[in-house]
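Read off the chains here:
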Amino acid sequence: MIIGRGMAPGITEGEVLICNQTISPLGEMSKSGIIVSGPCSGKSFKDKILIFKGGRGSTVGSYVLLELKYSNNAPAGIINEEAEQVVLTGAIISEIPMIDKVPIDIFKEGDTVRMNGKEGSLDIANIVEKDVTTVYLIRENKILLLKRSDKVSTYREQYGGISGYMEKDETPEMTGKRELIEECGISDAKLLKKGKFVYVRNNDVLFRITPIIMKTDTEDIKLNWENSEYRWVNLEQMNSFSTVPKFKETFWEIYNHS
Amino acid sequence: MYLTPEEEKIFDGEYGEAKKIAIRLLYSLGELGGANGLIPIKSAHVSGVSYKNIGEGGLKFLRKISDRVSVPTSINPLGFDLTEDGPVEIDDNFRKKQLEVVKIYQDMGIMNSYTCTPYYFYNEPEFGDHLAWAESSAITYANSILGARTNRESGPSALSAAIIGKTPDHGMHRIENRYAEIIIKPHKLLDYSEMAALGLYTGYNGRGKIPLIIGQNRLKSFEIKAFAAAFGAASSVPMFHVDGVTPESNLVREKAETIEVENSDIENIMDKFSGEEPPELIAIGCPHLSVEELNYIAGLVRGKKKTGPDFFLFTNRRVKEEARDAVREIEDFGGKVFVDTCMVVSPLSNKYRKTATNSGKASFYLPLKEYGNQEVTFKSIMQLIKWVIA
């Protein structure tokens, strides 16, 4: 189950239409239920779960959604990255379930989604969700980058932190400490900061990652089979490495804000 | 979000169905926006008037929510000019439905402004006033140029606030949310239509943040209006600042990034809209024209006779009355000045296929299929005028 923010109540299900764009319901959603501009131009959203970045443009857009509902051309549900008030009002008065705070890139064409607009929760059919903790390990203002070996199942040869599946009843800190011993031979790490869930989709698997920043005084790293190389780099230097999805932006988000 | 005992009664339906629908919508929006409660507003401005836009679904909603407004409330343009018909012929069903929409709003006690520029004579907010305004161009104008405070209200939420006389106190009502977080730096001084193009550019590229425009301190308010309208169409950001011009342009976050805007970026936006020439119609007045703008246009056409395409200007009733000498000169020239409506919300495609305009906002909406259905040319007013002067 994926948790966003419940915006307009109701439970619904449908095939997704993914539009990586902002949309003005007035003008950019036709009365016959078709997107008429941007990357999704020409595609029908009627009875689909319409996924887009957020609304824009005319404040009459709420009535456009109401008219679509009235003429049976409305989407079954709406998912936004960041909702704004015009689409939201339209969803409420048209009784179209709506959720926001969900990244677009966790969906794939052909997905079927079941969503609960009151709880803000949704499920993608036929995928496996896996809970992962990723540790950003810091030592004297440097961060540890591990190069994933060619023996792991995902993101081979890319740089990342220390990641592992969370076992039953484990907290992110517990998983982090266990993985640090297994992958690096480090046992003195302490938790500094914990971030919000980050979702990464890889084919039929959805990783729900809890990012944490930990601190160590140990410089020597004892790698296991999962990684082929390690480097302690300055924080700014990290930006020049090819890393696993959402790795850098997630770090800066936690480091600067939480 | 906290509701007073009196507001609770409205919520529970003790004052009727319309007020109940209204306060429940405000409550939902306030809860999601993180409001503490409802605050009184000085005025409201309502969008969702043209039957072309709201359709049968919108009309049904209006019938349900029809109740007296409790603060001064102005209203957006409709599908035709009530005073003399036009700009295009409309069918009987459209006319009948449109007149029912108008009657519902009139019965609610809303003023007969029918304009997207209510701040010309109808509804003139002062610095710091809390408002509940819809109409994307008027919202950005009120926040940015007047320093009043309104969220980006939808048609229904502005109407609900007008009925209750209050709005949730989140978002733009709080000063901490009014800071610029991105700086827009054009490389030359821009005129009206270039400012409109910059509005589209900033809407597309401004990362959803409140921008500060720098290096444009000679701008007049109607040129900033052109930016406000285009920016409001292409984004969902309810405010911007112009350094040295708008009243809160000192509100800038220290970490704000700068976007350099090359002259070619502006040209590329305008070149995207270059229809087959000549157009069938030249349409000016999106947003509605001011007295100053009408006087300027009258000066350009004074004593001349129009040739070529139709030449239509759009404004509100009070501006047309104030600028009557200019209007006479424009009509003697062969142009038409319409009120109550505009090129975007009237069913223009009943007659026209090729329209030229100096408006960034109209250039955004008019080309869209199943909506404006126009081949649009976006040029400066001087270039537009050349088509109609022999």
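Conventions and cut-offs
Residues numbered from 1 in each chain as written. Chains lettered and ligands numbered in written order. Predicted model: local features only at pLDDT ≥ 70, side-chain atom pairs only at ≥ 80, totals over all residues. Helix = DSSP H or I, 4+ residues; strand = E, 2+ residues; numbered from the N terminus. Rg over C-alpha atoms; globule rule 2.2 N^0.38 Å. Contact = placed C-beta atoms within 7 Å. Buried ≥ 20, exposed ≤ 12 C-beta atoms within 10 Å, placed from the backbone. Pairing = 2+ DSSP bridges. Axes fitted to C-alpha atoms, helices over the stretch in contact; angles between N-to-C directions. Nonpolar A, V, L, I, M, F, W, Y, C, P; charged D, E, K, R; others polar. Domains from an automatic or database assignment. Core = buried A, V, L, I, M, F, W, Y, C linked by C-beta atoms within 7 Å. Left-handed = near helix turned anticlockwise from the far one by under 90°. Parallel < 35°, antiparallel > 145°, perpendicular 65-115°, else oblique.

### Structural notes on the overall build of chain B
Then, in step 1: In terms of helices and strands, chain B carries 14 helices and 14 strands.
Then, in step 2: Its C-alpha atoms give chain B a radius of gyration of 21 Å, near enough to 21 Å, the size a compact globule of 390 residues would have.
Then, in step 3: Taken along the three principal axes of its C-alpha coordinates, chain B extends 70 × 55 × 35 Å.
Then, in step 4: Across chain B, every contact between residues at least 6 apart in sequence was considered, and the portion connecting residues at least 24 apart equals 80%.

### A look at the overall build of chain A
Then, in step 1: When helices and strands are tallied, chain A shows five helices and 16 strands.
Then, in step 2: Projected onto its principal axes, the C-alpha coordinates of chain A cover approximately 65 × 35 × 30 Å.
Then, in step 3: The 258 residues of chain A split such that 43% are buried.
Then, in step 4: Here the contacts in chain A between residues at least 6 apart in sequence split such that 71% fall between residues at least 24 apart.

### Considering unusual backbone geometry
Then, in step 1: Following Gly-86 of chain B, the chain continues to Pro-87 of chain B via a peptide bond in cis, the omega torsion being 5 degrees.
Then, in step 2: Here Pro-87 of chain B shows up in the loop between β3 (73–75) and α4 (92–107).
Then, in step 3: The amide bond that connects Cys-286 of chain B to the next residue, Pro-287 of chain B, takes the cis arrangement and shows omega of 0 degrees.
Then, in step 4: Positive phi, close to 60 degrees, is recorded for Asp-47 of chain A, a residue that is not glycine.
Then, in step 5: Along the chain, the position of Asp-47 of chain A falls in the loop between α1 (25–28) and β4 (49–55).

### Regarding the sheet that holds β4 of chain A
Residues and elements named next belong to chain A.
Then, in step 1: Spatially, β1-β8-β7-β3-β4-β5-β6-β2 is the arrangement adopted by the eight strands of the open sheet, whose pairing is mixed. The open sheet has two edge strands with one neighbour each: β1 (2–3) and β2 (5–8).
Then, in step 2: With three bridges connecting them, β2 and strand β6 (residues 98–100) associate as antiparallel partners. Following the sheet pairing, Arg-5 is matched in β6 by Asp-100.
Then, in step 3: Packing against the sheet, helix α3 (residues 85–94) makes contact with β2, β4, β5 (77–80) and β6, and its axis sits at approximately 65 degrees to β2.

### Quick look at the interface of chain A and chain B
Then, in step 1: Tallying the contact residues gives 33 residues for chain A and 33 residues for chain B.
Then, in step 2: Elements that contribute at least two residues to the side of chain A that touches chain B include exactly α1, β4, α2 (61–70) and α3 of chain A.
Then, in step 3: Looking at the side of chain A that touches chain B residue by residue, the class counts come to eleven nonpolar, 16 polar and six charged.

### Quick notes on the domain arrangement of chain A
Then, in step 1: When the domains of chain A are assigned, the result is domain 1 (2–124) and domain 2 (128–256).
Then, in step 2: Placing a centre on the C-alpha atoms of domain 1 of chain A and another on those of domain 2 of chain A gives a separation of 34 Å.

### A look at the domain arrangement of chain B
All names here are of chain B.
Then, in step 1: Taken domain by domain, chain B comprises domain 1 (5–175), domain 2 (179–269) and domain 3 (273–388).
Then, in step 2: Relative to domain 3, the C-alpha centre of domain 2 lies at a distance of 24 Å.
Then, in step 3: Of the residues lining the interface, 14 residues belong to domain 2; the matching set on domain 3 comes to 14 residues.
Then, in step 4: Put simply, the parts of the chain that give the side of domain 2 that touches domain 3 at least two residues each are α7 (192–205) and α8 (221–234).
Then, in step 5: Top contributing element to the side of domain 2 that touches domain 3 by residue count: α8, with seven residues.
Then, in step 6: Looking at the side of domain 2 that touches domain 3, its residues break down into ten nonpolar, two polar and two charged.

### As for the nonpolar core
Then, in step 1: Judged by nonpolar contacts, the single largest core of 164 residues is most densely connected at Ile-51, Leu-88 and Ala-91 of chain A together with Ala-44 and Ala-230 of chain B.
Then, in step 2: The biggest single contributor to this core is α8 of chain B, with nine residues.
Then, in step 3: In this structure Ala-230 of chain B touches Ala-196, Gly-199, Leu-200, Gly-203, Gly-360, Lys-361 and Phe-364 of chain B, once residues within four positions along its chain are discounted.
Then, in step 4: Listed in part, the 18 residues of the second largest apolar core include Leu-145, Ile-162, Ile-212 and Met-214 of chain A.

### Details of the packing of helix α10 (residues 291–301) of chain B against helix α12 (residues 324–333) of chain B
Residue and element names in this part refer to chain B.
Then, in step 1: Between α10 and α12, the least distance of the axes is 9 Å, while the angle of their chain directions is 40 degrees. Pair α10 / α12 crosses with left-handed handedness. Listed contacts from α12 to Leu-294, Asn-295, Ile-297, Ala-298 and Val-301 of α10 are Ala-326, Val-327, Glu-329, Ile-330 and Phe-333.
Then, in step 2: Counted by class, the contact of α10 with α12 contains eight nonpolar, one polar and one charged residues.

### What about the packing of helix α3 (residues 51–65) of chain B against α4 of chain B?
Residues and elements named next belong to chain B.
Then, in step 1: In the contact formed by α3 and α4, the axes pass within 10 Å of each other and the chain directions differ by 50 degrees. Here α4 runs oblique to α3, going by the angle between their axes. Considering how the two elements wind past one another, α3 and α4 form a crossing that is left-handed. In this structure, α3 contributes Tyr-51, Leu-59, Leu-62 and Arg-63 to the contact, and α4 contributes Phe-94, Lys-97, Gln-98, Glu-100, Val-101 and Ile-104.
Then, in step 2: Residue composition of the contact of α3 with α4, grouped by class: six nonpolar, one polar and three charged.

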